[in-house]
Structures are given as C-alpha cells and as structure tokens.
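# Topology and contacts: notes
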Amino acid sequence: MNIAVNNGDWSGSWVAERLGVELVGDDGLRALLGLALRRNPKRAHLLVSNVLGKHVPQSPAVVYGHGFSLGRRVRELLGDEEAARAVVVGYAETATGLGHSVADGIGLAPYLHSTRRPVPGVTPAGGFEESHSHATSHLLLPEDPALLAGEGPLVLVDDEFSTGNTVLNTIRDLHARYPRKRYVVVALVDMRSAADAGRLADLAGEIGARVDLVAGASGTVRLPEGVLEKGQELVARYEESAATGDRPGAAPSGPFAPLSGVAPEGDYQSTYLGARGTARQAPTGPQAPDNRTTPHGSHLTRIDLHWPHGLPDGGRHGFTPAHRIRLETALPAMAARLAEALPPDARRVLTLGFEELMYAPLRVARELEPLVAAEVRYSTTTRSPVLAVDDPGYAIRSRLVFPAHDNPADGPGERYAYNVAGAGFDAVVVFVDSAGDTPELHAPDGLLARLGAHAPHVLLAVVPSYAPALTEESPAMLPEPLRGPAFSSYPPEDVGWLLQDLSDVQLEAPTEEREEAVQSGGAHYAESLPMEYQPSEQYQALFHAALETSAARIAQAVGVVTETVLAERSPRPVLVSLARAGTPVGVLMRRWARFRYGAELPHYAVSIVRGRGIDANALRWLAAHHEPRDVVFVDGWTGKGAITRELADAIGEFEEREGVSGFDPEIAVLADPGSCVRTYGTREDFLIPSACLNSTVSGLISRTVLRADLVGPDDFHGAKFYRELAGADVSVAFLDAVAARFEEVVDAVDDAVKELAVADRTPTWEGWAAVERISEEYGIHDVNLVKPGVGETTRVLLRRVPWKILARAGAGADLDHVRLLAEQRGVPVEEVGELPYTCVGLIHPKYTRGATGADGKAVNV
C-alpha cells in the first residue's frame, strides 16, 4: 500500500463515485484532501487531509511546513507590532499541532489549544462546541488566566473551515468574556458553501470586530440530495460485511453504534485477535522493561528523550515564546537520541503521536528526518471512528483499533490509528504523554501490541505531562458518587448519587412542626425531613392501577424528551437529575438510550434547594470528570417553574465565582405543564405515578438535606437511605413497568419528536402567571404556598400541611390518588372551571399547630 500526496489515484474517488460527492476548488485541492466515510448523524463524509499528520502518514517537513507558512502569512497580514500582541488558539484534537506550527510561523505569539481532557485544579477560561465532530465539547485551560485577556488579535486555527459553526461558537464565547477588536481565522482549507460564506462577515458586524480569514486553499464539497442517508447505508453495509464475513446479519445502527467492523481486508484488529490465543503476554505498565518483545515478537524499546524539565508538552495550558526557545534548543539532542535507538537497517519509520499530543512528536520527527537514511513519516492516533476500505481511491486504507489508554474523563472507549497497518513500516516510534503511559497502553490488546503485529520494531517515547503550577490551593478532593446497593435500591449502573449518606442521623420531624418552623422563618425546609408517608393498602392499589394505565404514556414522554436531548443538547449527554423527583426520570432516559441505541449514558443525581441553589461541590465534581456542555439537568415535571429559575441563577453564580463555563441551566423534564422549559416529553398535566410516593419509588432515598452542622463547605449535600422500607419499595418495579412499554411507543415517539422539532417551544411561563393569580384570589399572598400540577399537589398532601385542593372540573382518574389522600387528611377538594393545571395544592397560608385538630387533620380558618 502506497500512501502519498500524489499517488496517481485521488484518494477521494471511491466515495465520489458511490455517493456523487464532488470536490471542487483551487488547483491542487485534491492533492491536499481525500474522502472517507464515518458514522455520524450530522455528516457522512470526512475530508481527510494529506498534510495534517492525523489520518495519513506524511513527511513531518511537509506537515510542519504547511502550518508554519500559514503563520508567516498571518504575520504579514497583522504586521510585526500586532503579531507581537496576538494569541493563537488551536482546536483539539486534529489541529493542536497545526495551531502550534502556525504560532511558530508568527514567531511572537503564545499558543493555547483547546482540550477534551479536564485537569483537576485548573479552572476553564472558556469552552465551545464543535457541532459536527465525533466529540463536540472543548475546554480552554490556560495556566495563566490572563493569557486570553489581552486586547491583541486572537488567531483561531483549525484544519478545515467547513460550515463555520465551530469558529462562530468560539468567537461568540470568547468575545463575551474577553472582547477584542480583531480576529484571524486560519485553516489549511476553506471549504465553506456559498450559503455559509457570509456568516463570518455577519458575525464581525454583530460583535463590532474585524474578522479575517487565511487559508492554504479553498473549495467546496457538493453534496447530492440524500447523501447523508446513502453514506450511512454504505457504512452499515461495509460494517456488516466485515462483521459477518459476508454472512447475512444486521449491523448495529443508531448514533451510538460502535464502528467495530470495517471493510474486508481493512480491519487489522482481527489479525491480532486471531493470534492472541498463542501470543506471549507482554509486560505491562509504565515500569515495564526498556527492551522487550510484543506478543507478536516485534522488539519494543523505551526511549528517554531527556525532555527539558518543566517544559510544557504542548499547548494544553499555554506555550509561550520563552517555552519555544527552550524547545528549539533541546530538539537536536532529542532527535539524536531517537536516531541512535532506531534499527540501523530501517528503511521506513513512522513517528506516531497521541490524540492531542501532536506538536512534540511532530517537531522531534522533523528534526529526525535529515539525520537518518530511512523515510520518516508522521501521523497520530485519534478518537474519531472512520470506515476503512483498502482501495487506492479511498483515504483510509486500514485501521487499527485499541482501547483508550489515558483514563479519559468520558470513560473507556475505542481509539484508532489509520493507514499504519499494511504501510510497510520497519519501525514505529510511539509518543505518549505520561498520562497515557498506562497498563492499557501495554496490554495484550493495547496500542503497542497492535503496532507490534505490523512492524518489527516498536519504540516508546514518553513525554512528561505538564502539570500547571496552581496559584491557589486546590479544593479538597471530593468523594466518588454513592451507588446501590450500598446507597439506594437502584442498580449501581443506573445512577451515581453526588450526596453524602446521612442515614444514621435523626432528621425527621412531625409535619406540623416543620410547617410552623418553615412558615415562621425559624428554619429552612431543607434542614429537616418530613416523616416518610406509609401508604395504605388502598393507596398502594391506586398506585399500581395508575401505573398500569399510564405506563405507555410515560414511556412515550420518556422517549420524546430523551430523543430531543440527543438531537439538540448533546449526542453523548451526561444526565444529571435533580434529586429526588428527577432521579426516576433520569434512570428511564438512560434506559431509553440503551434500548434505542445501545448507549450507556452517565447518570448522576444532585441536590438543589430552593433559596439555597444547587450543590456547588457536585458541580465541581461534574466539571472535573465530564465536559460541562454535555451535562443535561433532568427533573420530573415543572410546576410554576421555581426550580427552573433557581437552577439558572445558581449556575450563573457558580460559573462567575468558579470561572467554569459550559453548564446549560435549562432543565429537561418529563412533563412541562407550566410551560417553563424547551426540552420536555409533554406539556400535559397528567399523573406520573412516581409522584404518588416518596422514597419507595425513588430508590429508598429521602429528599436532600442542607444543614450547616451536617454539610461543610467541601461536602456534598446529604440524604438518607431508608433501608428499613425495602419491603414497600416499588422503585425498580416502576422503572421496569415503563421500560416494558418502550417498544410499542417508538413510532409515536418519532412522530412527536418531528413535530416538536418545528414547533415553537418558547416558554410562556403561563404556570407562574396562574399561580400568582390564584395566590391573590385566595388571599394567600405567597406563591411558595401554591403548588400547581398533579405531582406538586401530591407532594403537598404527602409532606406539607395542606389547606385545600383545587381540581379542574371533569378531571378523571388522574386525580383518584389525590382525592384519596385528601380524604385521609381531611382536606377539601374544590372543583374549578378555569384552571390551567389538572389540580393545584394550596398549603395552609397561616399555619400554626393550632390550625389543625388533635388528630392532625386540617381545619378550615
């Protein structure tokens, strides 16, 4: 297999012929770009750069030269004075090395690249979305918080400028934080369509700044009608062919399907797996011997480059002109050590970088190239799954698959090296940072073993992962989430509770005492717990009857809200339910994603307290372990929208105080009768059986507790696990009953999602207006004592001192349990003709313990 820029066959012809895709533009554009296919719900084709050094092994001089020359053009555009004030930002993961090379070409500018690897103790200075990418969210983690705060030009570097969405998102995000007068966008190729061409100028007018574009070449991709569907069908057909050996069978589908099979003769994963049974186990871990053999008998050598102490390994935390001088000084000696370690008879050598670690191996490879007689090539591993087809007219000829080996924040997964297998390399030099030098790297199915199947010599060069010197003391280490069965009756994979266990603390108080203390201002409702309601046999029968009749309706709402989240909020969301009403809904959304797509979405439960905000330590934990932009907050339903507003205010305060950005405060809910959010399963006010009970339908977990003597500044909020109520627990039964109806509602869900996609879902807050009206009409004068909707009314009857219930005239079985509870507590139910909710619960507006009889039942005053 011969991979080169000009190889006689355009490496995009295979895709072009089958999908009708056309690449048109500058002379030489086809020498720069090939085409491949990937499984992506937003874009089927992939532009594969021949000069980027990511997917296609290329001469390091060619790769570095393209970036450096673009930097020179930027310096000419800006002039030396403005260039000296500029900051360069590159995009992870594909453009980290390109952006650094551009910064070198400018010569005077510090460099920072975005990252998808959160670093504990480093506060993000911004973030943005790359909407078409396999992994969309970016973080900016400069060691110096002032790096982006200057007024000089900001130079944004990406490998391709296609729709412009990524750049627009970046400029808007950073301009809101660090406004400046000039931006320069740099790309190897400008591939915008005519429709997208004017958006950069529009943005410049919108923000009042100059925005220039510098590109190595320009053109566009012409896509025929239905190309996305045709591309997905083509990928699925090749996947199935590889997975089944041309035997009949269904390939996995959906946005979460693993790209595990590729074209015949293109997936070299099977080569290694077939030999594993007789292969010798390789030593594992960072302390493995310097010289050993891989399971295939290839020679493995560890090289000490003598990387300069304290020199950043790249631009993740910033790389200054002073750093550049240190690196340039050290490069010749590092390249010489590498040259000495190579086998003397090597004719073809690959230097292989590692995801975002592109620049350091590129510079060492560039320095190595004139020192050895061998042909030196450079490329890097990647997160992006792409179909491989062994055809000269296709850009990705082969693919090696191996597990992630740097303990990524988004969990384990497959990683890839393209166009390495079958390329005839005599030696492969693998560069990783020390965070990636893990047992997974050295495992029998790890990257080193994969490479050992295709090259007789594998060399490992580990660059120290740069650890920023934190100027402030790092916050206390937060504990890992609590999980069942130790905490909650849910299976451990269903939810992780970002709470502390207060099960051994006496927190319950009689309902009447709590109500008097809360209304008098003597205590906050979150400082104690109500006595857990023990349902009668009659009430339990009502719950099961309600579940039977409403399970399909709930299943449909679960499907609608989950599909909306996947389509509009994040393709790989991190579900964060608001404990505890949101938790069953979060678990059901997670189950829907697994049912429909085989996805295992992360799901956590956190505490939010009206008047006190969301648990800030829980947010810190989430920001350290996940990308904030992937977090989707989940609740059961909206009433008047108080928690919706509480969350928005709390997130705003947290981000301003902590410097963390990206959390979207909009809640996704099962039901939005109050018209308070845009992401919902339905806006109907109907009975959700999980609202009928307390802990026994919520994993046996109490509502959350926030009290100063129990919850310190570095603690999660608390909650109790009522293990003693296991005999009455219906938590999993509720989930199973709803999930059992998923199959039958799929078509209805798809229809509803299509309707919602074009509907006006702007919140009207009509629920809040109705609550204010009721508060005044009934002389309550406190909206906090008016609880609208079936779910909130049920809570009033279970946990508060109710005054009366307003029921919409003609409401049927949805209110059977409300009427029963009201009868048991002696609360009148008043039918009302005009009511935007099915029912509204009114808490006693002037409660003292004298406002109830000796039996605890309400009396009218």
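What you are looking at is a predicted structure, and each value in this text was computed from that prediction instead of being measured.

### Notes on the overall build of the protein chain
From N to C terminus, the protein chain includes 23 helices and 33 strands. Expressed as a percentage of the 861 residues in the protein chain, the buried residues total 60%. Within the protein chain, counting contacts between residues at least 6 apart in sequence, those at least 24 apart form 76% of the total. Of the roughly 32,000 Å² of accessible surface on the protein chain, a fraction of 50% belongs to carbon and sulfur atoms.

### So, the sheet that holds strand β9 (residues 182-190)
Across the sheet, six strands lie side by side as β1-β10-β9-β8-β4-β5; this open sheet has mixed pairing. Across the chains shown, the open sheet's two edge strands, defined by having one partner strand only, are β1 (22-25) and β5 (111-113). On average, each strand axis in the sheet is tilted by 25° relative to the strand beside it, whichever way the strands run. Both strand β4 (residues 87-90) and strand β8 (residues 154-161) contribute to a ladder of four bridges, which runs parallel. When the sheet's bridge partners are listed, Val-88 is paired in β8 with Val-155. Packed on one face of the sheet, helix α5 (residues 165-177) meets β8, β9 and β10 (210-222) and runs near 160° to β8.

### Describing the sheet that holds strand β30 (residues 786-788)
The sheet built from four strands is open, its strands ordered β30-β33-β31-β32 with mixed pairing. Every interior strand has two partners, whereas the edge strands, β30 and β32 (829-832), have only one. Put simply, the sheet's adjacent strands are angled 20° from each other on average, direction ignored. Each of β30, β31 (802-808) and β33 (839-843) is contacted by helix α21 (residues 766-777), which is oriented at about 140° to β30, the strand it contacts most.

### Observations regarding the environment of Leu-447
Along the polypeptide, Leu-447 turns up in helix α13 (residues 447-452). Overall, the relative accessible area of 1% leaves Leu-447 in the buried class. Apart from residues lying up to four places away in sequence, Leu-447 is in contact with Leu-352, Thr-381, Phe-402, His-405, Val-430 and Leu-441.

### Focus on unusual backbone geometry
Cis rather than trans, the peptide bond between Ala-92 and Glu-93 has omega equal to -5°. In this structure, the amide linkage connecting Ala-579 to the following residue, Arg-580, adopts the cis form with an omega of 5°. In this structure, Arg-580 sits in the loop between β23 (574-579) and α16 (582-597). Phi is positive for His-306, which is not a glycine, with a value near 60°. Positionally, His-306 belongs in the loop between β12 (299-303) and α10 (321-341). Overall, the relative accessible area of 46% leaves His-306 in the partly exposed class. Of note in the backbone geometry, Ser-488 takes a positive phi value of approximately 95° without being a glycine. Note on Ser-488: relative accessible area 1%, which makes it buried.

### Here we look at the packing of helix α3 (residues 60-83) against helix α4 (residues 96-106)
Orientation of α3 relative to α4, taken along the N-to-C sense of each, is 45°, at an axis distance of 6 Å. Taken together, the axis directions place α3 and α4 in an arrangement best described as oblique. As for how α3 packs across α4, the hand of that crossing is right-handed. Touching Tyr-64, Gly-67, Phe-68, Leu-70, Gly-71, Arg-72, Val-74, Arg-75 and Ala-83 of α3 are Leu-98, Ser-101, Val-102, Asp-104, Gly-105 and Ile-106, all from α4. Residue composition of the contact of α3 with α4, by class: eight nonpolar, four polar and three charged.

### Quick look at the packing of aromatic side chains
This model, assessed by the stated rule, comprises 13 aromatic pairs. Ring plane angle 80° and centroid distance 6.0 Å describe the contact between Phe-487 and Trp-497, whose orientation is recorded as edge-to-face. With Phe-487 in the loop between β18 (457-463) and β19 (496-497) and Trp-497 in strand β19, this pair connects stretches of sequence that are ten residues apart. Classification of Trp-497 as buried rests on a relative accessible area of 0%. When the ring of Trp-592 is compared with that of Phe-742, the centres are 4.9 Å apart and the planes differ by 75°; the resulting orientation is edge-to-face. Note that Trp-592 is positioned in helix α16 and Phe-742 in helix α20 (residues 742-758), a separation of 150 residues in sequence. Across the pair, exposure class does not vary: Trp-592 and Phe-742 are buried alike. Ring-pair connections join several aromatic residues into one group, and the members of that group are Phe-487, Tyr-490, Trp-497 and Phe-721.

### Overview of the nonpolar core
Membership of the largest hydrophobic core comes to 133 residues, with the highest contact counts inside it found for Leu-148 and Val-155. With seven residues, β9 is the largest single contributor of residues to this core. Those residues in contact with Leu-148 that lie beyond four places of it in its chain are Val-87, Val-89, Leu-112, Ala-125, Leu-140, Leu-154, Leu-174, Tyr-178 and Arg-180. Within the second largest apolar cluster, 107 residues are counted, among which are Ala-579, Leu-619, Val-634 and Phe-734.

### Digging into the packing of α5 against helix α7 (residues 199-207)
Running from N to C, α5 and α7 cross one another at 10°; their axes reach a closest spacing of 11 Å. Considering the angle they form, α5 stands roughly parallel to α7. The segment α5 lies against α7, with Asn-165, Val-167, Leu-168, Ile-171, Arg-172 and His-175 engaging Arg-199, Leu-200, Leu-203, Glu-206 and Ile-207. Looking at the contact of α5 with α7 residue by residue, the classes come out as six nonpolar, two polar and three charged.

### Description of α16
Here α16 is 16 residues long and its end C-alpha atoms lie 22 Å apart, about the 22 Å a rise of 1.5 Å per residue gives. The buried fraction of α16 is high, at 13 of 16 residues. Positive backbone phi, at 70°, marks Gly-598, one or two positions downstream of α16.

### A look at the pattern of salt bridges
Under the defined criterion, the tally for this structure stands at 40 salt bridges. Arg-347 serves as the salt-bridge partner of Asp-426, at 3.5 Å between the closest nitrogen and oxygen. Residue Asp-426 is found in the loop between β16 (414-418) and β17 (427-433), and its partner Arg-347 is found in the loop between α10 and β13 (348-353); the two are separated by 79 residues along the sequence. Classification of Arg-347 as exposed rests on a relative accessible area of 63%. We note a salt bridge from Arg-741 to Glu-744, for which the minimum N-O separation is 3.0 Å.

### Comments concerning the pairing of strand β2 (residues 33-37)
Here is the key point about a regular strand: its side chains alternate between the two faces of the sheet. Within β2, five of the five residues are buried, which leaves the element mostly enclosed by the surrounding structure. Burial of the side chains of β2 extends over both faces: Leu-33, Leu-35 and Leu-37 are buried on one face and Gly-34 and Ala-36 on the other. With five bridges joining them, β2 and strand β3 (residues 45-49) adopt antiparallel strand pairing. Bridge pairing links Gly-34 to Val-48 in β3.

### Looking at helix α15 (residues 537-569)
With 33 residues, α15 should cover 48 Å at 1.5 Å per step; its first-to-last C-alpha distance of 42 Å lies more than 12% under that length. Of all bends in α15, the biggest is about 55°, found at Ser-550.

### A look at the pairing of β9
For β9, a buried count of nine out of nine residues is recorded, marking the element as mostly surrounded by other parts of the structure. Bridge count for β8 against β9 is seven bridges, and the pairing is parallel. Residue pairing in the sheet places Asp-158 in a bridge with Ala-187 of β9. What joins β8 to β9 is α5, and the crossover it makes is right-handed. Here eight bridges tie β9 to β10, and the two strands are oriented parallel to one another. Bridging across to β10, Arg-182 finds its partner in Arg-210.

### Overview of the environment of Pro-584
Among the structural elements, Pro-584 can be located in helix α16. Classification of Pro-584 by relative accessible area gives buried; the value is 1%. Beyond its immediate sequence surroundings of up to four residues, Pro-584 is in contact with Tyr-490, Ser-690, Val-697, Ser-698, Phe-734 and Leu-735.

Basis of the calculations
Residues numbered from 1 in each chain as written. Predicted model: local features only at pLDDT ≥ 70, side-chain atom pairs only at ≥ 80, totals over all residues. Heavy atoms only, no water. Helix = DSSP H or I, 4+ residues; strand = E, 2+ residues; numbered from the N terminus. Buried < 20%, exposed > 50% of the residue type's maximum accessible area, 1.4 Å probe, protein only. Contact = heavy atoms within 4.5 Å. Areas by Shrake-Rupley, 256 points an atom, 1.4 Å probe, with all protein chains shown as cover. Pairing = 2+ DSSP bridges. Axes fitted to C-alpha atoms, helices over the stretch in contact; angles between N-to-C directions. Parallel < 35°, antiparallel > 145°, perpendicular 65-115°, else oblique. Left-handed = near helix turned anticlockwise from the far one by under 90°. Nonpolar A, V, L, I, M, F, W, Y, C, P; charged D, E, K, R; others polar. Phe/Tyr/Trp six-rings, centres within 6.5 Å; stacked < 30°, edge-to-face > 60°. Core = buried A, V, L, I, M, F, W, Y, C linked by side-chain atoms within 4.5 Å. Expected span 1.5 Å × (residues − 1). Salt bridge = Lys/Arg side-chain N within 4 Å of Asp/Glu carboxyl O. Bend = angle between axes of the 7 residues up to and from the residue. Right-handed = clockwise from strand over helix to strand, strands pointing away.

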